[in-house]
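Single-letter residue listing:
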Amino acid sequence: MIRFGPSGNSQSFYDDGNKTSVQAPKWLSEKGLNAYEFSFGRGYTMGLKTATDLGNEAEKYGVKVSIHAPYYINLANPDEEMKIKSFGYIIKGLELLKAMRGNHLVFHVASQGKMERAEATALAEKRLVELSKVLDFEGENKDLFLCLETMGKPLQIGTFKEIIDLCTISSNFIPCFDFGHINALTGGGLKKVEDYLEILNYSIEKLGFERTKNCHIHFSKIEYGAKGEIRHLNYDDTVYGPEFDPLAKALKMLNLTPVVICESKTMMAEDACALKNIYEKTPKI
Ligand SMILES: [Zn+2]
Ligand SMILES: [Zn+2]
């Protein structure tokens, strides 16, 4: 089943009198949404007790929770200690994710820093191989997926091809296609249904249908300049794009049922509803 939901809480969530994210699943389900991403971009700020309460509410209202791990994870940092820290942030995220009864942990793989790109990508790859061995994907973590995100700035590791290629390392790695990022990085390259099909078909070819079908998607309009991503916008922006209609068409053509998370600036829940409406109005071809 395809799912739609916001990353974080809309302004209107608070305007409606809600105080804590534990109240989000009920509020989202009343809007017809069934996914919710909790961002720990600036660090983990939630204990296991609250995560469990949130997970119980999510279960009750049929909302699937995903987590965004801290932005400072960097698997291409040559320092061994930083590697151990990065692994730790992912392990901590998986603990919270289990308490929230979710399966998708999103993170930014790496930044190339002063390294050559090929060198940075090779190091990130080596570390991902190591990480996949550390995490118990055969046993207690078998239903958990690390979602490697496509990125919006040139020095970040995360073009769609890099991400898909890195996902071949483990069957518990899936892409998080952030189409706003891809559009920003390519200076507005996502316009037609073919632009989306190229990406999704490359994923099907490399990772197979099942993993592409259950991939994770971030969607929001993003302002960009010569150096890629500048800032997230709401869906009513008419300048930067991308538009969701061609992606909705591509998803229906390929029979894909991802989790679609809207990362708009202040109206993420409203805009997730807008994306869902576009999807539902798109005829099956
Ligand atoms: Zn992200
Ligand atoms: Zn994103």
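Above this text is the structure in question.
Throughout this document, residue positions are counted from 1 along each chain, in the order its sequence is written. To label them, take the chains in the order written and letter them from A, then take the ligands in the order written and number them from 1. Two thresholds apply to this predicted model, a pLDDT of at least 70 for residue-level local features and 80 or more for giving and counting side-chain atom pairs, whereas whole-chain, interface and lining totals are computed over all residues. Just so you know, side-chain values use all the structure's heavy atoms and leave hydrogens and water out.

K.L.:
What is the right way to look at the environment of lysine 284 in this model?
P.N.:
Considering the arrangement of structural elements, one finds lysine 284 in the segment after α11 (268–281). With a relative accessible area of 54%, lysine 284 lands in the exposed category. On a C-alpha basis, the gap between lysine 284 and alanine 248 in space is 9.8 Å, while along the polypeptide they are 36 residues apart. Here lysine 284 is in contact with Lys252 and Asn255, once residues within four sequence places are set aside. Polar contacts involving the side chain of lysine 284 include one to the main-chain carbonyl oxygen of lysine 252, which spans 3.0 Å. Segments assigned H or I by DSSP are reported as helices when at least four residues long, segments assigned E as strands when at least two residues long, and all are numbered from the N terminus. Remark: exposure states derive from per-residue accessible area (1.4 Å probe, protein chains only) relative to the maximum for the residue type, with buried under 20%, exposed over 50%, and partly exposed in between. Any pair of residues with heavy atoms lying within 4.5 Å of one another is described as a contacting pair. N or O atoms closer than or at 3.5 Å make up a polar contact, with two conditions inside protein: a donor-capable atom paired with an acceptor-capable one, and, for residues adjacent in sequence, both atoms drawn from side chains.

K.L.:
Can you walk me through the coordination of the zinc ion (ligand 2) in this structure?
P.N.:
Under perfect tetrahedral coordination by four donors, a metal shows angles of 109.5 degrees; under perfect octahedral coordination by six donors, it shows angles of 90 or 180 degrees. Here the term donor refers to an N, O or S atom within 2.8 Å of the metal (or 3.2 Å for Na, K and Ca), and because water is left out of the atoms, sites may appear incomplete. Protein coordination at the zinc ion (ligand 2): the donors are Glu149 (OE), Asp178 (OD), His218 (ND1) and Glu263 (OE), at 2.1 to 2.3 Å from the metal. Every donor counted, the 4 donor atoms about the zinc ion (ligand 2) form angles of 85 to 171° at the centre, which fits irregular coordination. All donors of the zinc ion (ligand 2) come from a single chain, and their spacing in sequence reads E-x28-D-x39-H-x44-E. A separation of 3.5 Å is found between the zinc ion (ligand 2) and the zinc ion (ligand 1), which share glutamate 149 as a coordinating residue. Linking glutamate 149 in strand β6 (residues 145–149) with glutamate 263 in the loop between β12 (259–262) and α11, this pair joins segments that are 114 residues apart in sequence. You can call glutamate 149 buried: its relative accessible area is 1%. Classification of glutamate 263 as buried rests on a relative accessible area of 12%. Metal sites are grouped by the angles between bound donors: all angles between 85 and 135 degrees with four donors is tetrahedral, opposite donors over 155 degrees apart with the others between 65 and 115 is square planar for four donors and octahedral for six, and any other pattern is irregular.

Nothing here speaks to function; it is all geometry.
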